[in-house]
Amino acid sequence: MVQDGWHPTVCYQCKAECAILAKVQDGRVTEVKGNPKYGGKACVKGMAGVTLQYAKDRLTKPLKRVGERGEGRFEEISWNEAFDIIEEKLRSLYDRGEGHKLTYSFFPHSLTDPKWHFLNAYGGYINTGLPHCDSGKIVSEIKCWGGIPNHHIPPAWFTMPKDGIILLVGRHAFGCLDDACVPRDIMEAMDRGAKLIVVDPIFSPDAAKADWWIPIRPSGDTALFLGMIHHIIENDLYDKKFVEEWVREGDFDKVKAHVKDMTPEAMSAICDVPADDIRRLAVMCAEAPAVGVDGFKSIMLGQALDFGHAWSIFLAITGNLDNPGGQPIPELTPLSPVEPQPPGPPPLNEMGFHRTGPNRDAFRNYSFIMEPTWYEAQAIKDGSLKILLVTEANPALTEMGSKEWQKAVCMKDANGEYMLEFLLNTDIMLSETAKYADLVLPDQTHFERYELLYMPWWYNFGHGVLLRQPLVKAPGEAMHSNLVFIEIGKRMFPEYFQFKDDVEYYDIQLKGLGLSVEKLKAMGGKWSPGTMGFRKYRDGGFGTPSGTVHLYWEDLEEVGQQLPRAILAPEYDADVEEYPFIMISYRRIHINGTGPWSSNNAQLRDPASGQSTNPAILNPAAAAKLGIGDGDTVTIKSRTGELRMPVRLTEHIRPDCVGIMHGFGATVGRVAAGAGHCDNELIPDAGSHLEWQDLIGGEAHVSTRVRITR
Ligand code: SF4
């Protein structure tokens, strides 16, 4: 499709979406490296994209289910037949006036994605497919300073000044989601004189690089930050100028009163970090020229909204908003809208299945942005979800509540019809989710498709747009999901789909920048203003209703979340006698951050170079008390499930915890099937702790209490 040589495009082996160069020889991708024009960063997983590209498990034809859901029996059909089936199913729901009962689960990696356009025309919703990630943090940032949400907005470590502080809280940056850019930026900042401090029950690869490792008790992070906030306020170490000018009047006093008794000693008892260390860290942060905090999903056990709130208050009172090295506040790039713009679905809290648990009524006014799989399952049962479309997500395996989801999608009504009327999955390989789908469509890899990538913030360079472009031909009849939904959109809503294809759609959007796909290609695939634009609030204020920073959330008073609570997650104290350990999941680069295809990549699962198994990690002191030796096979049991798996003894974890790598345990794929174990088997998923999930605002459990026996 392109001439031999190196071509700029964008990796999609994880959600970091690094700008890469791909080498094409005789119509095949043969090598990947970071694009030196844009930081030159690509990780081992990005390079393993070549193996993915030519994997034998690639889907090449549309497949229609012939057995029952879950059996995974299909027959090949033509694209025409597939489009007719999709159109008929979607029309049936839409014509009944129930378009809001459709949800599309895909990773919202770009605001330019034509699938949004389709959903807005249809009146359905998006489920991000990432229920247990950084929702608490995102909600906190929106509420505190009106930040523009992105799936993850790490501080711009490449702007961190000398003596600045990088605070990673349960982050796992070295060996996780955005390996290619974040770790190197951190290392370069450290070379300039910045300090790395890692707060984590596991001595992670991040901790191995750190100046200071703080082995906190799981879910103690809110207490740690509240203790620091107390010390900073009581000792007049806060940024008075920023607080006076930019914090909403009265909010600082409310915070001050709230943390009055949250002394380092009191917080130490909760988070198990010595009071002197809390004080020392607080002073270091208050005196540093910049502090950036990155927590992603906080330290497990949920409670993320409290943590995100405490962390946001901490950043605000130390003056670390939109400053070099601190918390960036993204900027919007002036893309053009694709006219006419469809109206969009009704407000989520009115019509969506947003809250279906026991606290549904209490929470109906709170619109959080991540939707756990568990809720999907309940929505199927109560009839508020009828059509589920899934792209680049694998709810049957990788998300909390997966077992409940599997049961729900197979439930039938009194007439013997599936309660979920239609389940469509598009992916490049069969996944656990595909086994339940009525239709499986072969998708294209990042080497085969066009995409205009735009989020208000990018790990690599701040804000801007990147172009992914097809370099090689897709196998068989693989078609990108964006093209599928442009075709369906043209059939159902021609008034909103007056553009020819995805490239024309992107061309319209790029007009706002005076660009086109062709021009962007000629520029090397990236546009960015080239500046970071710090302290933008000085010109236009913050994005909150008052234009100032809101530390106090009066709209959450009725559910007691107006200020962060200095408590451990309820899970921490549940059934302690019977389940004395906390299972904490952790992430590794080899399989993290993408759909089924990265667990089924032979290069990433190679026993020599990759991660072929995932033994549980356990502290030797704890193991000795149980008579467990290194390499022994043990039973790890929670209130929900149990795993029989080997243990590896290491002092790199607190003695009250056991660590399991997240995302293993696949059952589909010639490389992945049967290797390793899935932490989700242990996570409560049947609503046993739903009230906690409601209270923490979308952040689900990624940890739980367990018992370990030989
Ligand atoms: S960090 Fe992610 S996007 Fe970047 S090169 Fe690695 S796998 Fe690709």
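Summarised in this report is the structure supplied together with it.

Conventions and cut-offs
Residues numbered from 1 in each chain as written. Predicted model: local features only at pLDDT ≥ 70, side-chain atom pairs only at ≥ 80, totals over all residues. Heavy atoms only, no water. Core = buried A, V, L, I, M, F, W, Y, C linked by side-chain atoms within 4.5 Å. Buried < 20%, exposed > 50% of the residue type's maximum accessible area, 1.4 Å probe, protein only. Contact = heavy atoms within 4.5 Å. Pairing = 2+ DSSP bridges. Helix = DSSP H or I, 4+ residues; strand = E, 2+ residues; numbered from the N terminus. Axes fitted to C-alpha atoms, helices over the stretch in contact; angles between N-to-C directions. Near = heavy atom within 4 Å. Nonpolar A, V, L, I, M, F, W, Y, C, P; charged D, E, K, R; others polar. Parallel < 35°, antiparallel > 145°, perpendicular 65-115°, else oblique. Salt bridge = Lys/Arg side-chain N within 4 Å of Asp/Glu carboxyl O. Polar contact = N/O pair within 3.5 Å; in protein donor to acceptor, adjacent residues only side chain to side chain.

**Quick look at the nonpolar core**
(1) Moving on: Leu167, Phe225, Phe314 and Ile317 are the most contacted members of the largest nonpolar core, which has 71 residues in total.
(2) Moving on: Setting aside chain neighbours within four positions, we find Phe225 in contact with Leu167, Val169, Val293, Phe307, Ala310, Trp311 and Phe314.
(3) Moving on: In terms of nonpolar packing, the next biggest core, distinct from the first, is built from 46 residues, Phe83, Leu90, Ile387 and Phe493 among them.

**Let's talk about the sheet that holds strand 6 (residues 102-105)**
(1) Moving on: Strand order in this open sheet of 7 strands is 5-4-14-13-12-6-7, and the pairing throughout is mixed. Of all the strands in the sheet, just strand 5 (74-76) and strand 7 (125-127) have a single pairing partner and so form its edges. Sheet twist, expressed as the mean angle between neighbouring strand axes with direction ignored, is 20°.
(2) Moving on: In this sheet, strand 7 lies alongside strand 6 in parallel orientation, the contact comprising 3 bridges. Its bridge partner being in strand 7, Ser105 is matched across the sheet by Asn127.
(3) Moving on: Running over the sheet, helix 3 (residues 79-95) touches strand 4 (63-65), strand 6, strand 12 (387-391), strand 13 (422-427) and strand 14 (439-442) and is turned about 130° from strand 14.

**Concerning the site of the ligand**
(1) Moving on: Every one of the 12 residues lining the ligand counts as a neighbour, but Cys11, Cys14, Glu17, Cys18 and Cys43 are closest to it.
(2) Moving on: Per-class residue counts for the shell around the ligand are 7 nonpolar, 2 polar and 3 charged.

**Digging into the environment of Leu563**
(1) Moving on: Secondary-structure assignment places Leu563 in the loop between helix 21 (537-540) and strand 18 (581-586).
(2) Moving on: Judged by relative accessible area, which is 7%, Leu563 ranks as buried.
(3) Moving on: C-alpha separation for the pair Leu563 and Val259, spaced 304 residues apart in sequence, amounts to 9.6 Å.
(4) Moving on: Dropping the residues within four chain positions of it, Leu563 is found in contact with Lys254, Val255, His258, Asp306, His309, Ile313, Leu551 and Tyr552.

**Some details on the sheet that holds strand 3 (residues 28-34)**
(1) Moving on: Strand order in this open sheet of 3 strands is 1-2-3, and the pairing throughout is antiparallel. Bordering the open sheet on either side are strand 1 (5-10) and strand 3, each of which pairs with just one other strand. The average undirected angle you get between the axes of adjacent strands in this sheet is 35°.
(2) Moving on: Sheet topology places strand 1 next to strand 2 (residues 19-25); 6 bridges connect them, and they run antiparallel. Counted as the bridge partner of Thr9 is Ile20 from strand 2.

**Quick word on the packing of helix 8 (residues 221-234) against helix 11 (residues 264-271)**
(1) Moving on: Between helix 8 and helix 11, whose axes approach to 8 Å, the crossing angle comes to 175°. In terms of orientation, helix 8 lies roughly antiparallel with respect to helix 11. In contact with Ala223, Leu224, Leu226, Gly227, His230 and His231 of helix 8, helix 11 contributes Pro264, Met267, Ile270 and Cys271.
(2) Moving on: Each residue belonging to the contact of helix 8 with helix 11 can be placed in one class, and the counts come to 7 nonpolar, 3 polar and no charged.

**Quick notes on the pattern of salt bridges**
(1) Moving on: Counted according to the given criterion, the structure contains 41 salt bridges.
(2) Moving on: Ionic pairing is found between Glu421 and Arg96, a salt bridge with its closest N-O pair at 2.6 Å. Of the two residues, Glu421 sits in the loop between helix 17 (402-409) and strand 13 while Arg96 sits in the loop between helix 3 and strand 6, which places them 325 residues apart along the sequence.
(3) Moving on: Taking relative accessible area as the criterion, Glu421 reaches 24% and is therefore assigned partly exposed.
(4) Moving on: Owing to a relative accessible area of 41%, Arg96 belongs among the partly exposed residues under this scheme.
(5) Moving on: Linking Arg279 and Glu265 is a salt bridge whose minimum nitrogen-to-oxygen distance equals 2.9 Å. One end of the pair, Arg279, is in helix 12 (residues 275-287); the other, Glu265, is in helix 11, with 14 residues separating them in the sequence.

**Section: the environment of Glu651**
(1) Moving on: Following the sequence through the fold, Glu651 ends up in the loop between strand 21 (642-649) and strand 22 (657-661).
(2) Moving on: Judged by relative accessible area, Glu651 falls into the exposed class, the value being 63%.
(3) Moving on: In this structure the C-alpha to C-alpha distance between Glu651 and Asn619, which are 32 residues apart in sequence, comes to 5.0 Å.
(4) Moving on: With near-sequence residues (within four places) excluded, Glu651 lies in contact with Asn619 and Pro620.

**Structural notes on the side chain of Thr318**
(1) Moving on: Residue placement: Thr318 occurs in the loop between helix 13 (304-317) and helix 14 (348-351).
(2) Moving on: The class for Thr318 is buried, based on a relative accessible area of 13%.
(3) Moving on: At 2.7 Å, the side chain of Thr318 forms a polar contact with the backbone oxygen of Phe314.
(4) Moving on: In this structure the side chain of Thr318 is engaged in a polar contact, spanning 2.9 Å, whose partner is the side chain of Asn320.
(5) Moving on: If sequence neighbours within four positions are ignored, Thr318 has contacts with Ile232 and Asp239.

**A look at unusual backbone geometry**
(1) Moving on: Look at the link from Glu339 to Pro340: it is a cis peptide, with omega at -10°.
(2) Moving on: On the secondary structure map, Pro340 appears in the loop between helix 13 and helix 14.
(3) Moving on: Even without being a glycine, Asp26 presents a positive backbone phi close to 50°.
(4) Moving on: Relative to the helices and strands, Asp26 is located in the loop between strand 2 and strand 3.
(5) Moving on: The phi dihedral of Asp322 is positive, around 55°, even though this residue is not glycine.
(6) Moving on: Relative to the helices and strands, Asp322 is located in the loop between helix 13 and helix 14.

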